[in-house]
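# Close look at the chain arrangement
Here is what each chain is made of, one letter per residue.
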Amino acid sequence: MQQASAPPALTIVVYLAAFALVLFRMSRPQRISTARLWIAPALLAFVGIWAIYAEQSLAPSPLWELAVAVLLGVAFGVPLGFLRGAHTPVQVTKDPGVMLLGSALVPALIYVTAFAARLLLHLVFPLGSAVGAVVGDGVLVFAVAFLAVSYFAIYRKFSALKNECPDP
């Protein structure tokens with residue numbers, strides 16, 4: 001029995017709306033608490049891991065291919081995440097545990113581009129294709145690692161600034 005699914009046009013509209021929201025929110029400076037700093041990376045990591053899990057449950061790839069894709073994604077995402085975090089403007093505010101974080105358009109574009117590239121790979125290559133699944137998963141892991149590590153670097157930068165001048 002065939003399962004009902006959303007029409008492709010509706011799916012594309014939902015993706016575009018979600019991508020536009022992410023880009024809008026991350027393209028301007030934000031006041032953010034240290035607790036809230038971890039919500040976006042955790043949520044986006046959950047979405048990325050869920051997407052990989054869902055695809056692997058439909059058309060599993062060999063474990064070694066998935067492991068190589070994950071390792072390559074992490075290997076490229078971690079250093080670039082530290083680089084991004086080091087160059088993101090961070091300011092201490094008068095409120096305890098709150099920072100002013102510069103715009104994050106580049107990481108938002110990287111994350112959105114990773115999902116778009118994964119979607120394009122799935123459109124070009126059939127379900128179960130090693131290229132479509134494994135390369136798409138590697139790109140997604142890269143984006144998640146990049147984002148998580150960049151926020152970790154931003155947190156370290158904020159902590160160092162807060163220790164330098166405890167009363168802004």
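Scope of this entry: the structure provided in the associated data block.

Cut-offs and rules
- Residues numbered from 1 in each chain as written.
- Predicted model: local features only at pLDDT ≥ 70, side-chain atom pairs only at ≥ 80, totals over all residues.
- Heavy atoms only, no water.
- Helix = DSSP H or I, 4+ residues; strand = E, 2+ residues; numbered from the N terminus.
- Buried < 20%, exposed > 50% of the residue type's maximum accessible area, 1.4 Å probe, protein only.
- Contact = heavy atoms within 4.5 Å.
- Areas by Shrake-Rupley, 256 points an atom, 1.4 Å probe, with all protein chains shown as cover.
- Lys, Arg positive; Asp, Glu negative; His and termini not counted.
- Charge placed at Lys NZ, Arg CZ, Asp CG, Glu CD.
- Pairing = 2+ DSSP bridges.
- Axes fitted to C-alpha atoms, helices over the stretch in contact; angles between N-to-C directions.

Below, the discussion takes up the overall build of the protein chain. Summing up its helical and strand segments, the protein chain has 6 helices and 3 strands in all. Seen in sequence order, the protein chain has helices and strands lined up from the N terminus as α-β-α-α-α-β-β-α-α. On the principal axes, the C-alpha backbone points of the protein chain span a range of 65 × 35 × 20 Å. In the protein chain, which comprises 168 residues, the proportion classed as buried is 37%. Residue pairs in contact within the protein chain that sit at least 24 positions apart in sequence constitute 82% of those at least 6 positions apart. On the protein chain, roughly 10000 Å² of surface is accessible, and the fraction owed to carbon and sulfur atoms is 74%. Considering the protein chain, the positive charge centre built from 10 side chains and the negative charge centre built from 6 side chains are found 10 Å apart.

Further remarks concern the sheet that holds strand 1 (residues 30-33). With antiparallel pairing, 3 strands are arranged side by side in an open sheet as 1-3-2. On the outer flanks of this sheet lie strand 1 and strand 2 (90-92), each paired with one strand and no other. Strand-to-strand twist in this sheet, taken as the mean axis angle between neighbours without regard to direction, amounts to 35°. Direction of pairing for strand 1 relative to strand 3 (residues 98-101): antiparallel, over a ladder of 4 bridges. Directly across from Ile32, in strand 3, lies its bridge partner Met99. Packed onto the sheet, helix 6 (residues 130-164) meets strand 2 and strand 3 and runs at close to 35° relative to strand 2.

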